[in-house]
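The residues making up each chain are set out below.
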Amino acid sequence: MGPYQPDMLEYPGTKFGSMNRRFQKKWFQKFYWLEYSPSTNKAYCFYCFLFLNDVNSSNISALVNEGFDNWKRVNQGKTCAFLAHIGSAASSSHTMCERRAENLMRPSQHIDKVMHAQSKEEKEKNRLRLSTSIVAVRWLALQGCAFRGNDESLSSSNRGNFLELVKAFAKMNIEIDEVVLENAPKNSQYIAPEIQKEILHIMANRVRQMVREEVGDKYFCILVDEARDISKREQMAIILRFVNNHGILTERFFAIKSVSDTTSMNLKNEISNVLVHHDLHVNKIRGQGYDGASNMRGAWNGLQTLFLKDCPYAYYVHCFAHRLQLTLVSAAKDVSVIWEFFSHLDNIVNIVTSSTKRIAELHTAQRNEIEYMLSIGERDSGSGANQIGNLQRAGATRWSSHYDSVKSLIGMYTATCKVFEVLSDYSPNGRVKAEVRGIYRKWQALNLSIDFILMELNTRFNESSVELLSLSTALDPKNSFDSFNSDDICKLAKKFYPGDFIDQEIVALEYELIHYKLDVMQNLKVSTLVELCQQLTESGRSSVYVMLTRLIHLVLTLPVSTATTERAFSAMKHVKTALRNKMEDDFLADCLTLYIERDLAKHIDICVILCSVFKSVLF
């Protein structure tokens, strides 16, 4: 095992002013740790790339993350960039990483050699002890439970979830009982908080690796959203949306980052760093999705523009249903008469639901009204009919909640008026009486909202995104491919994805569509584009309709939904609670990775984790 050092006749050149400079093969001899990537035309430090994450370093050079290609800075004597990376101190980050690599490649330090020196019985005890800790960590992470307790001492009646779970395993299995906790050597119990976090981190990285392998070299979409956690930190979740090898549209939680600087450029750098770290190329992005309801709406607008400069086909198409709701909610906030209407509505809900006594009065008034209406035949009786309800509050970003709030008031209008009549007569002070009488005033019509709603619609539904989705409907198979249109499909490929389809491929697409019309449209019974994509793969037709399948994959990566990011933050609220508000960012990210992507985490091979944990302990 060593650095990748390809023997090339000539390395690609890079312009530096009027000079054309390139990587030199002779550098491999002087800097034996150097490796070169032909695909990126950049150099990397093999040792630091492997081990720098485990070394405290505040100065990470380009040789470690994005790659180094400033060839001019190499032949500069003492100021050579490679020499500067090595450093002069014996304790430099590079030197420490080199030592770790030497230990790894030294046969006497290998795991199998070390474990071979132990007795067979001792090895089995270690494996069982560590396996127990791994299973306990994975179970707690999958359930979103806390690991540690307030008092983990031997005299404590509750030592925390992790230790209590290990104790439960021990009670159920005598072999486990003989090797864990107090029956284990003090120096290898594998129960310390650091060991727990190390096990969790290794499993989370394994899940991320599995997601990365799913993506492969395919096109993907990034879905990004932000929210504040319980400790008031801004957290940015990153979701990947792609079509996997089975033709199934997939969305995977990939990372969550704490961001103190929410400028567009910093957000782009944070997202790019995550992608680069996992060897995901920005030029493969074919969609961007951000939360238009966020307080960072301006930052998201700037962010999508920055990504479009690097990748012109990374289209931003926010969920249209959500965007329509945001338009209406924005109009409700900006038009005075609408705002006044919903402000009064909120006041009504607050007044009626502010005490259990008033809620009881509302229910009594409803019951009396229902009984009266039934007696005069104005209501129908039946199972589930004539239920007693409550007034609903309008939400911050969902127009449907505004509708439900108005609907609930209409349904309980008479009963609500009865409550207000009682409050007008028997309120304990004049302030409450004045407030109730003010709400009784007649509400004005809402006609002024039309102009504001049109303005919001034009802002959120631009012509480009509307045309993109309009042309995409030509691929929709619902109603027996009723929307199929060969011209629109070819126009979609030529206009919106010119970099993905050369002229010859457009011609091939046109021929494919002729056969597609006679074959797929007659033989496949599907109702959604997602089902169509999966059926093309399962039936083997994706290898026949290559251009069409590629176009379908591109369309499916468009971010028409933000449900996954919302689920990510729901998970964050469950994992990082008031009692766990001091969770470190890396620990939170690892917990969420296993909690959200549980279908992948459940299939992690325990033996792989065992080897990884042993390796981290030894090196």
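Coordinates for the structure precede this section.
Residue numbers restart at each chain and count upward from 1, following the sequence in its written direction. A pLDDT threshold of at least 70 governs which residues receive local features in this predicted model, and a stricter bar of 80 or more applies before side-chain atom pairs are shown or counted, although totals over entire chains, interfaces and linings include all residues. The basis for every side-chain value is the complete set of heavy atoms in the structure, and neither hydrogens nor water enter the calculation.

Engineer: Provide a residue-level description of the packing of aromatic side chains, including the pertinent values.
Structural biologist: Geometry of aromatic contacts follows a simple scheme: Phe, Tyr and Trp rings, the Trp one being its six-membered ring, pair when their centres are within 6.5 Å, and the pair is stacked under 30 degrees between planes, edge-to-face over 60, tilted otherwise. Applying the stated criterion across every chain yields a total of 21 aromatic pairs. Centre to centre, the rings of phenylalanine 46 and tyrosine 47 are 5.9 Å apart; their planes meet at 55 degrees, and the pair counts as tilted. Each member of the pair phenylalanine 46 and tyrosine 47 is classed as buried. An angle of 85 degrees between the planes, with centres 5.8 Å apart, marks the rings of tyrosine 516 and tyrosine 545 as edge-to-face. Here tyrosine 516 is found in helix H22 (residues 503-518), whereas its partner tyrosine 545 is found in the loop between helix H24 (529-538) and helix H25 (546-556), with 29 residues between them in sequence. For every residue, the accessible area obtained with a 1.4 Å probe (protein chains only) is divided by the maximum for its type, and the residue is called buried under 20%, exposed over 50%, and partly exposed between those limits. Tyrosine 545 sits in the buried class, given a relative accessible area of 4%. Strands are runs of DSSP state E lasting at least 2 residues, helices are runs of H or I lasting at least 4, and numbering of each runs from the N terminus.

Engineer: Mind laying out the pattern of salt bridges, listing which residues take part and the relevant values?
Structural biologist: A side-chain nitrogen of Lys or Arg and a carboxyl oxygen of Asp or Glu constitute a salt bridge if their distance falls within 4 Å. Counted by the stated rule, this structure contains 18 salt bridges. For arginine 148, the salt bridge is made with glutamate 152, and the minimal N-O distance between the two is 3.6 Å. Among the salt bridges present, the one from aspartate 500 reaches arginine 286, with a minimum N-O distance of 2.7 Å. Of the two residues, aspartate 500 sits in the loop between helix H21 (486-496) and H22 while arginine 286 sits in strand S8 (residues 285-290), which places them 214 residues apart along the sequence. With respect to burial, aspartate 500 and arginine 286 carry one shared label: buried. Three or more residues joined by partner-sharing salt bridges are found here, namely Glu214, Arg252, Glu597 and Asp599.

Engineer: Which residues make up the nonpolar core, and what values go with them?
Structural biologist: Within the largest apolar cluster, 77 residues are counted, with the highest numbers of intra-cluster contacts made by Ile199, Phe220, Ile222, Leu240 and Ile271. If one sorts the elements of this core by residue count, helix H9 (residues 193-215) sits on top with ten residues. Residues count as neighbours in contact if any of their non-hydrogen atoms are within 4.5 Å of one another. The residues touching isoleucine 199, leaving out its near neighbours within four places in the chain, are Leu130, Ser133, Ile134, Val137, Ile609 and Val613. The set of buried Ala, Val, Leu, Ile, Met, Phe, Trp, Tyr and Cys residues whose side-chain atoms join them within 4.5 Å is what this entry labels a nonpolar core. By size, the runner-up hydrophobic cluster in this structure holds 38 residues, among which are Tyr313, Cys490, Met521 and Leu536.

Engineer: Let's hear about the side chain of threonine 132: which residues, and what values?
Structural biologist: For threonine 132, the location among the structural elements is in helix H6 (residues 120-143). Residue class for threonine 132 comes out buried when judged on its relative accessible area of 5%. Dropping the residues within four chain positions of it, threonine 132 is found in contact with Val166, Phe169, Ile176 and Val180.

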